[in-house]
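The residues making up each chain are set out below.
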Amino acid sequence: MIRCGTIDELRAGLGDAKKEPRTVVLAVEVDRYEGVPAYESWWDVPIAEVAEADSVRTVRAEYDEARQAERSYL
């Protein structure tokens, strides 16, 4: 496990982790009371793209259609 307390330690830890042949855990200590500024966005969690159930394929088609109407504000 690699402990990271600063951004420089995180960068170094990521570099070290890339050299390892096995899974590596980077533990980043944070202040649980520190918040992030408000933002107007959402998580886009798509419906399964490949499925055998007709109901899932129908919902995926609706999702794909709705994505066409999305606008990027960045």
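Bear in mind the structure is a predicted one, so any value in this text is a computation, not a measurement. (Residues numbered from 1 in each chain as written. Predicted model: local features only at pLDDT ≥ 70, side-chain atom pairs only at ≥ 80, totals over all residues. Heavy atoms only, no water.)

### Remarks on the overall build of the chain
Then, in step 1: A count of helical and extended segments in the chain gives 2 helices and 2 strands.
Then, in step 2: Starting at the N terminus, the α and β elements of the chain follow one another as β-α-β-α.
Then, in step 3: Dimensions of the chain, computed from the C-alpha atoms along their principal axes, are close to 45 × 35 × 25 Å.
Then, in step 4: Taken across its 74 residues, the chain has 8% of its residues classed as buried.
Then, in step 5: In the chain, of all internal contacts separated by at least 6 residues, the share reaching a separation of at least 24 is 25%.
Then, in step 6: Total accessible area computed for the chain in this model is approximately 7300 Å², and 54% of it derives from carbon and sulfur atoms.
Then, in step 7: Between the averaged position of the 10 positive side-chain charges in the chain and that of its 16 negative side-chain charges there is a distance of 6 Å. (Helix = DSSP H or I, 4+ residues; strand = E, 2+ residues; numbered from the N terminus. Buried < 20%, exposed > 50% of the residue type's maximum accessible area, 1.4 Å probe, protein only. Contact = heavy atoms within 4.5 Å. Areas by Shrake-Rupley, 256 points an atom, 1.4 Å probe, with all protein chains shown as cover. Lys, Arg positive; Asp, Glu negative; His and termini not counted. Charge placed at Lys NZ, Arg CZ, Asp CG, Glu CD.)

### Overview of the side chain of Arg 60
Then, in step 1: Relative to the helices and strands, Arg 60 resides in helix α2 (residues 54–69).
Then, in step 2: Apart from the residues within four sequence positions on either side, Arg 60 is in contact with Pro 46, Ile 47, Ala 48 and Glu 49.

### Topic: the environment of Cys 4
Then, in step 1: For Cys 4, the location among the structural elements is in strand β1 (residues 2–4).
Then, in step 2: Since its relative accessible area comes to 2%, Cys 4 is described here as buried.
Then, in step 3: Spatially, the C-alpha atom of Cys 4 lies 9.7 Å from that of Leu 14, the residues being 10 residues apart in sequence.
Then, in step 4: Excluding residues within four positions of it along the chain, Cys 4 makes contact with Glu 9, Leu 10, Leu 26, Ala 27, Val 28 and Glu 29.

### Details of the environment of Asp 31
Then, in step 1: Within the secondary structure, Asp 31 sits in the loop between β2 (26–28) and α2.
Then, in step 2: Here the side chain of Asp 31 touches Tyr 33 through a polar contact of 2.9 Å, landing on its backbone nitrogen. (Polar contact = N/O pair within 3.5 Å; in protein donor to acceptor, adjacent residues only side chain to side chain.)

### Some remarks on the pattern of salt bridges
Then, in step 1: Per the counting criterion, the structure on display carries 5 salt bridges.
Then, in step 2: Taking the shortest distance from any N to any O, the salt bridge between Asp 8 and Arg 11 comes out at 3.6 Å. Taken together, the residues span about one helical turn, with Asp 8 and Arg 11 both in helix α1 (residues 7–19) at a distance of 3 residues. Arg 11 matches Asp 8 in its accessibility class, with the two residues each being exposed.
Then, in step 3: The partner of Arg 60 in a salt bridge is Asp 64, and the shortest N-O contact between them spans 3.0 Å. You can see Arg 60 and its partner Asp 64 sitting in helix α2, 4 residues apart, about one turn around the helix. (Salt bridge = Lys/Arg side-chain N within 4 Å of Asp/Glu carboxyl O.)

Read these as spatial facts, not as claims about activity.
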